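Spelled out from the first residue to the last, the chains are:
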Amino acid sequence: MPPSFERTHANFLRQRYNAKDFIQKVNPEDPQLDPDELDEVDDLIEMVTKFLRDFQAVQSSVAGNPAKRQICIDSIDELESLKDQLEYIKDKDEQLHREAVRRAR
């Protein structure tokens, strides 16, 4: 059974600020993440992915309610954007780390 729309939306509203705050505090072109931040970005990607699945599951159950359906669509769009940004930061950090190791040799 899919999660309820209300619970999914309320949890998302509380948690999305964690991802937004992380994205704002990091330079996406030169993240220089420490081990705790690497753990945090992994946790945030996992959280965003979970909310994406939840909203996709909920979307069909609210198809008859245009307002809730639109909230699902908007939330999915925002979550996909947050996930893309978080994955970019993580990938960029890994790329810069590999380059630094290569230069150090």
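Preceding this section is the structure that the text describes.
### Thoughts on the overall build of the protein chain
So, point 1. Across its full length, the protein chain holds three helices and zero strands.
So, point 2. Overall, the protein chain shows an N-to-C arrangement of helices and strands of α-α-α.
So, point 3. Against the compact-globule benchmark of 13 Å for 105 residues, the protein chain has a radius of gyration of 17 Å, which places it well outside the compact range.
So, point 4. Expressed as lengths along the three principal axes of its C-alpha atoms, the size of the protein chain is roughly 60 × 25 × 20 Å.

### Some thoughts on the environment of D93
So, point 1. Along the chain, D93 turns up in helix α3 (residues 66-104).
So, point 2. Put simply, D93 and D34 are 59 residues apart on the chain and 9.8 Å apart in space, counted from C-alpha to C-alpha.

### Structural notes on a negative patch on the surface
So, point 1. A contiguous patch of negative charge, built from D34, D36, D39, D43 and E46, is present on the exposed surface.
So, point 2. The exposed category is assigned to D43, whose relative accessible area is 52%.

### Let's talk about helix α2 (residues 35-59)
So, point 1. Look at α2: 36 Å from first C-alpha to last across 25 residues, which is about the 36 Å you get at 1.5 Å a residue.
So, point 2. Taken residue by residue, α2 has E37, V41, L44, I45, M47, V48, T49, F51, L52, D54, F55 and V58 as its buried positions.
So, point 3. Buried residues in α2 make contact with α1 (5-25) and α3.
So, point 4. The backbone nitrogen of D36 lies 3.0 Å from a side-chain oxygen of the residue at the head of α2, namely D34.

Definitions and limits used
Residues numbered from 1 in each chain as written. Predicted model: local features only at pLDDT ≥ 70, side-chain atom pairs only at ≥ 80, totals over all residues. Heavy atoms only, no water. Helix = DSSP H or I, 4+ residues; strand = E, 2+ residues; numbered from the N terminus. Rg over C-alpha atoms; globule rule 2.2 N^0.38 Å. Patch = residues over 30% accessible without salt bridge, like charges linked within 9 Å, V, L, I, M, F, W, Y side chains within 5 Å. Areas by Shrake-Rupley, 256 points an atom, 1.4 Å probe, with all protein chains shown as cover. Salt bridge = Lys/Arg side-chain N within 4 Å of Asp/Glu carboxyl O. Lys, Arg positive; Asp, Glu negative; His and termini not counted. Charge placed at Lys NZ, Arg CZ, Asp CG, Glu CD. Buried < 20%, exposed > 50% of the residue type's maximum accessible area, 1.4 Å probe, protein only. Expected span 1.5 Å × (residues − 1). Contact = heavy atoms within 4.5 Å. Polar contact = N/O pair within 3.5 Å; in protein donor to acceptor, adjacent residues only side chain to side chain.

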